[in-house]
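Commentary on secondary and tertiary structure
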Amino acid sequence: MIRDVPRDHPLLVQFREDPYPLYRYLLAAAPVQRNDLLEAWTVARYSDVVTVLTDPRFSADRTSYSPDGYEVAKSMLVSDPPDHTRLRTLVQKAFTPRIVEQLRPRIHAIVDDLLDHAFARGPEFDLIADLAYPLPVIVIAELLGVPAEDRATFHGWSATLAASLDPLVSSDLMDRAWVSRDALHAYLRGIIAERRREPRSDLISALVAVEERGDTLREPELVVMCTLLLIAGHETTVNLIGNGTLALLKHPDQLSRLREAPTLISSAVEELLRFDSPVQMTGRLVTEDVQLGGKAIGAGEFVLPLLGAANHDPSQFSEPHQLDITRNPNPHVAFGRGIHFCLGAPLARVEGQIAIGSLVRRCPNLRLNGTPKRRDQITLRGLESLPVAA
Ligand code: HEM
């Protein structure tokens, strides 16, 4: 929703600073609620969120607005079947757990290198700038075949596009988001043209080959696909590593438990994803009148499944506000559910496990070294900086 609401509107402040008290209220008293400010229905309970994500009456195709009339293809994230199935199938193979497992040694090497650089300057560093942000950016750039050295160039575009995913976006931010989108598209078209002339063994070259073979991928879809993967690679895993490390620092008992039993890292990462989710909400458009949580929602209305709230629903998770790195089972919805379940989940998990695992192993006295600064965003919840000392 594009609307100029003051940044300090109490609801926005609450969502941004600490949404959990609000979620607690919604879960208990208003699980499906029409919100006039957001012009949407918020959905808080786990079972209702799962319904919204898996019932085809809730469409992911919610992008009707483009102010400049510029014809942009729809990414898989905002497509319904059959287009969604076609687009997702084209890249699914590159992100399976088996393929991603093969990246482990390379991801380890990048993490070690980043930590070596940070420690070379002394024991104090910024976990976001020195590890959490560059790691996923380097990994996705290498996978796609985009020069990692260009990351300073797309940093700003990516941050603006990520901010535009919020439920309320000012017209000024939206203007900047269109400019960033166009710049990123132009940049990627340049890379695509290079790979067309001289293919390499990267994902962009593979997608170019698919596009050239025939009718399964149009060129505008190729550009949008690369944009989605690049942005997803830039703006999400950083928040798993940042929010996750902060949660461990605030729960020293859990941090020492992980230190004593490093094999707990995979269940720890699942719990960190649940506890302070990098993606707090998504959106769906209602295509026919539905009943949800006892409320009638009409066709054409917009719903916001609050993943962060569902992950704290006491009817699904016992003591949801406790961090328990041994929680099992842990069926969180941090990666969504159903046909749009995060394509990058295996990659994000491995990156999170290696980054947080290495940090715990290499920094036996890891501690907060100042006040963490939160990013000015709601949908993607994360930190701008996290000062720590090794
Ligand atoms: C911790 C990190 C991540 C989190 C929490 C996360 C979360 C999510 C969520 C919640 C969705 C579903 C959205 C919806 O249903 O509307 C999603 C979809 C998606 N994610 Fe991720 N993501 C992460 C990392 C990544 C990475 C690293 C990539 C890319 C390589 C990626 C690529 C995608 C794509 C392409 C989709 C769309 C899938 C589809 O529509 O079928 N994600 N992600």
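Description of the structure in this document.

What counts, and at which threshold
Residues numbered from 1 in each chain as written. Predicted model: local features only at pLDDT ≥ 70, side-chain atom pairs only at ≥ 80, totals over all residues. Heavy atoms only, no water. Salt bridge = Lys/Arg side-chain N within 4 Å of Asp/Glu carboxyl O. Helix = DSSP H or I, 4+ residues; strand = E, 2+ residues; numbered from the N terminus. Buried < 20%, exposed > 50% of the residue type's maximum accessible area, 1.4 Å probe, protein only. Pairing = 2+ DSSP bridges. Contact = heavy atoms within 4.5 Å. Axes fitted to C-alpha atoms, helices over the stretch in contact; angles between N-to-C directions. Donors = N, O, S within 2.8 Å, 3.2 Å for Na, K, Ca; no water. Parallel < 35°, antiparallel > 145°, perpendicular 65-115°, else oblique. Nonpolar A, V, L, I, M, F, W, Y, C, P; charged D, E, K, R; others polar. Near = heavy atom within 4 Å. Polar contact = N/O pair within 3.5 Å; in protein donor to acceptor, adjacent residues only side chain to side chain. Phe/Tyr/Trp six-rings, centres within 6.5 Å; stacked < 30°, edge-to-face > 60°.

**Concerning the pattern of salt bridges**
Scanning the model with the defined rule gives 27 salt bridges in all. Between R3 and E39 there is a salt bridge; the shortest N-O distance is 2.7 Å. With R3 in the segment before α1 (10-17) and E39 in the loop between β1 (32-35) and β2 (40-43), the pair connects residues that are 36 residues apart, well separated along the chain. What makes R3 partly exposed here is its relative accessible area of 26%. We classify E39 as partly exposed; its relative accessible area is 34%. Between D130 and R121 there is a salt bridge; the shortest N-O distance is 3.0 Å. Classification of R121 as exposed rests on a relative accessible area of 57%. Each of the salt bridges in this network shares a partner with another, and the network as a whole consists of D83, R86, R218 and E221.

**A closer look at the sheet that holds β1**
Whenever strands of a sheet pair, they do so through backbone hydrogen bonds, lying parallel or antiparallel. Spatially, β1-β2-β8-β5-β3 is the arrangement adopted by the five strands of the open sheet, whose pairing is mixed. On the outer flanks of this sheet lie β1 and β3 (58-59), each paired with one strand and no other. Helix α3 (residues 46-54) rests against β1, β2, β3, β5 (284-286) and β8 (302-305) of the sheet, and its axis sits at about 125° to β8.

**Considerations on the environment of P167**
Position of P167 relative to the elements: it lies in the loop between α9 (151-163) and α10 (171-197). As for P167 and V179, which are separated by 12 residues in sequence, their C-alpha atoms are 20 Å apart. Those residues in contact with P167, other than ones at most four positions away along the chain, are M1, L38, M281, L304, I378 and T379.

**Remarks on the coordination of the iron atom of the ligand**
Exactly one protein atom donates to the iron atom of the ligand; that atom is C342 (SG), 2.2 Å from the metal. Relative to the helices and strands, C342 is located in the loop between α16 (307-310) and α17 (345-362).

**Some details on the packing of α9 against helix α12 (residues 219-235)**
Following both chains from N to C, one finds α9 and α12 inclined at 85°, their axes separated by 10 Å at the closest point. Our classification of the angle between α9 and α12 gives roughly perpendicular. Where α9 abuts α12, its residues F154, S158, A159, L161 and A162 lie against L230, I231, H234 and E235. For the contact of α9 with α12, the class distribution of residues is six nonpolar, two polar and one charged.

**Notes on the site of the ligand**
Around the ligand lies a shell of 26 residues, among which H84, R88, T282, H340 and C342 are the nearest. Within the backbone of I339, an N or O atom sits 3.5 Å from an oxygen atom of the ligand. The separation between an oxygen atom of the ligand and a polar side-chain atom of H340 is 2.6 Å. Considered class by class, the residues forming the shell around the ligand number 17 nonpolar, seven polar and two charged.

**Comments concerning the pairing of β1**
Of the strand pairs in this sheet, β1 and β2 are connected by four bridges, and their pairing is antiparallel. If you follow R34 over to β2, its bridge partner there is W41. The turn joining β1 and β2, which pair antiparallel and follow one another in sequence, is formed by four residues; a positive phi near 50° is taken by E39.

**Concerning the sheet that holds strand β9 (residues 367-368)**
Spatially, β4-β12-β9 is the arrangement adopted by the three strands of the open sheet, whose pairing is antiparallel. Unpaired on one side and paired on the other, β4 (124-126) and β9 mark the two borders of the sheet.

**Observations regarding the packing of aromatic side chains**
In the structure shown here, the tally under the stated rule is seven aromatic pairs. Aromatic pair F119 and F125: ring centres 5.7 Å apart, planes at 70°, arrangement edge-to-face. We classify F119 as partly exposed; its relative accessible area is 23%. Residue F125 is classed as buried on the basis of its relative accessible area, which comes to 5%. Through a chain of ring-to-ring contacts, three or more aromatic side chains come together here, namely F15, Y20 and Y23.

**Focus: the pairing of β8**
When β2 meets β8, the two strands line up parallel, connected through three bridges. Looking across to β8, one finds that W41 is bridged to V303. Two elements, β5 and β8, share two bridges in a ladder whose sense is antiparallel. Considered in β8, the bridge of L285 is made with F302.

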